[in-house]
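One-letter residues, chain by chain:
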Amino acid sequence: MPEYPKTIIEFREWFATEQECRDYLVKLRWPQGFVCPCCKHAASWKMKRGLFWCRNCACQASATAGTLFHDTRKPLRLWFEAMWYVTNQKHGVSALGLQRVLGLGSYHTAWNWLHKLRRAMVRPGRDRLSGVVEVDEIFIGGKRPGKRGRGSAGKTLVVVAVQKAQKAIGRIRLCRVADASGNSLEPAVWKMVEPGSAVHTDAWRGYNGLTELGYSHEIVRKNPDLGDNLLPSVNLVVSLLKRWLLGTHQGAVEPSHLEYYLDEYTFRFNRRHSKSRGLLFYRLITQAMDLGPVPETALKATSIGSLNVQNSQD
Ligand SMILES: [Zn+2]
């Protein structure tokens, strides 16, 4: 059973010092005790500042090397505070909000940290949706409804998959695609939905190949138009997503960063009923340990301008 703080009081007690944060990361990295990353020997000397020195090959290792916290110059306590804050705000946080809460001198640092943590919100090899899954696409950004099959300036096409759980909405997956052709939609569905599942779509031809891929494909809406005629569960998820992009992020999302925001939204949505925020913190920190270093250059937006998220259905 994983150990994590359940409340903010526990959190503050567990991680009051830099050493306690470091020890926790050591425990996450080497649950059975230190193992040398170079030669796999277990015997080591403990050095200053969390360094281990392998007695066999003299290799030096730290718990943070090769993780999201690789070479960070800021105190781990600050990172822990950031992760606790990010997972305890139900609707997420903006860079400005994080900067204020942590008292960071620079907005840039807060922005970078949030982007790094977003990358840790996706569990590598996460399982796919199954059972009955509704699939539809939306355009995000731009002012006017887009047309399927054609490029649409300033808009990003996102495939939304929603697992139905009796009368409620289960888990979701979101995937950015280049266009609405079968060549783009089929791999997206494959990535998000377990073969053998029942996939409900509208009559858009881009979904024609799903049966061949092993899905039980059911067309539940004859109209293949995009935009104002979404399938019901997708429609609900999309309206919440747009409200979130507008609210927490005030619509200021770089198109080239959109998929990381989609990852954050998925992380939050799929855990929205989770009673234990401590468990969310634990998930985030373990995934940050599994994720490699994220260099700052990888965070830079490759395109200029923000997505203009409309509140209406577009
Ligand atoms: Zn060694």
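Just above, that's the structure.
Residues numbered from 1 in each chain as written. Predicted model: local features only at pLDDT ≥ 70, side-chain atom pairs only at ≥ 80, totals over all residues. Heavy atoms only, no water.

Enquirer: Any details on the overall build of the protein? Residues and values, ideally.
Expert: Each helix and strand counted, the protein has nine helices and eight strands in total. Taken across its 314 residues, the protein has 47% of its residues classed as buried. Long-range contacts, defined as pairs at least 24 residues apart, comprise 62% of the intrachain contacts of the protein with a sequence gap of at least 6. (Helix = DSSP H or I, 4+ residues; strand = E, 2+ residues; numbered from the N terminus. Buried < 20%, exposed > 50% of the residue type's maximum accessible area, 1.4 Å probe, protein only. Contact = heavy atoms within 4.5 Å.)

Enquirer: Residue-level account of the coordination of the zinc ion, with values.
Expert: Within the protein, the atoms that donate to the zinc ion are Cys 36 (SG), Cys 39 (SG), Cys 54 (SG) and Cys 57 (SG), at distances of 2.3 Å. One way to put it: the four donor atoms around the zinc ion meet at angles of 102 to 113°, and that makes the site tetrahedral. Counting residues between consecutive donors of the zinc ion along the chain gives the motif C-x2-C-x14-C-x2-C. Here Cys 39 is found in the loop between α2 (18-29) and β1 (44-46), whereas its partner Cys 54 is found in strand β2 (residues 51-54), with 15 residues between them in sequence. (Donors = N, O, S within 2.8 Å, 3.2 Å for Na, K, Ca; no water. Tetrahedral: all angles 85-135°; square planar, octahedral: opposite > 155°, others 65-115°.)

Enquirer: Can you break down the nonpolar core residue by residue, with the values?
Expert: In this structure, Phe 69, Phe 80 and Met 83 are the most contacted members of the largest nonpolar core, which totals 46 residues. For this core, the elements supplying multiple residues, two or more each, are α2, β2, α3 (76-88), α4 (95-102), α5 (107-119) and α9 (277-290). Residue contributions to this core peak at eight residues, all from α3. Filtering out sequence-adjacent residues up to four positions away, Phe 69 remains in contact with Leu 25, Thr 64, Leu 76, Trp 79, Met 83, Ile 285, Ala 288 and Met 289. Counting 21 residues, the second-largest nonpolar core is a separate cluster that includes Ile 138, Leu 174, Val 238 and Phe 269. (Core = buried A, V, L, I, M, F, W, Y, C linked by side-chain atoms within 4.5 Å.)

Enquirer: So what's going on with the state of the cysteines? Which residues, and what values?
Expert: Under the defined criterion, the tally for this structure stands at one disulfide. Through a disulfide, Cys 38 is tied to Cys 59; the S-S separation comes to 2.0 Å. Note that Cys 38 is positioned in the loop between α2 and β1 and Cys 59 in the loop between β2 and β3 (60-62), a separation of 21 residues in sequence. (Disulfide = S-S within 2.5 Å.)

Enquirer: Residues and numbers for α2, please.
Expert: For α2, which comprises 12 residues, the first-to-last C-alpha distance of 17 Å matches the rise-based estimate of 16 Å (1.5 Å per residue) to within 8%. What α2 keeps buried is the set Cys 21, Tyr 24, Leu 25 and Val 26. Of the surrounding elements, those touching the buried residues of α2 are α1 (8-14), β2, α3 and α9. (Expected span 1.5 Å × (residues − 1).)

Enquirer: Kindly report on a nonpolar patch on the surface, identifying the contributing residues and their values.
Expert: Judged by side-chain polarity, Trp 45, Met 47 and Trp 53 come together as a nonpolar surface patch covering roughly 290 Å² of accessible area. As for its position among the elements, Trp 53 is in strand β2. Judged by relative accessible area, which is 32%, Trp 53 ranks as partly exposed. (Patch = residues over 30% accessible without salt bridge, like charges linked within 9 Å, V, L, I, M, F, W, Y side chains within 5 Å. Areas by Shrake-Rupley, 256 points an atom, 1.4 Å probe, with all protein chains shown as cover. Salt bridge = Lys/Arg side-chain N within 4 Å of Asp/Glu carboxyl O.)

Enquirer: Give a description of the packing of α3 against α9 that names residues and reports values.
Expert: Their axes nearest at 9 Å, the elements α3 and α9 cross at an angle of 125°. In terms of axis orientation, α3 runs oblique to α9. The handedness of the crossing between α3 and α9 comes out as right-handed. Facing α3, whose interface residues are Phe 80, Met 83, Trp 84, Val 86, Thr 87 and Asn 88, α9 presents Arg 277, Gly 278, Leu 280, Phe 281, Leu 284 and Ile 285. (Axes fitted to C-alpha atoms, helices over the stretch in contact; angles between N-to-C directions. Parallel < 35°, antiparallel > 145°, perpendicular 65-115°, else oblique. Left-handed = near helix turned anticlockwise from the far one by under 90°.)

Enquirer: Outline unusual backbone geometry, listing residues and values.
Expert: Its identity as a non-glycine residue notwithstanding, Ala 58 has a phi of 65°, on the positive side. Along the polypeptide, Ala 58 turns up in the loop between β2 and β3. Residues other than glycine seldom take positive phi values, yet Asp 71 does so here, at roughly 60°. The residue Asp 71 is located in the loop between β3 and α3 in this model. Among the residues examined, Asp 71 registers a relative accessible area of 63% and is labelled exposed.

Enquirer: Hey, could you go over the side chain of Arg 173 for me, with residue numbers and the actual values?
Expert: Along the polypeptide, Arg 173 turns up in strand β6 (residues 168-177). A relative accessible area of 7% places Arg 173 in the buried class. There is a polar contact of 2.6 Å between the side chain of Arg 173 and the backbone oxygen of Asp 127. The contacts of Arg 173, once residues within four sequence positions are left out, are Arg 126, Asp 127, Leu 129, Val 159, Val 160, Ala 161, Met 192, Thr 266 and Asn 270. (Polar contact = N/O pair within 3.5 Å; in protein donor to acceptor, adjacent residues only side chain to side chain.)

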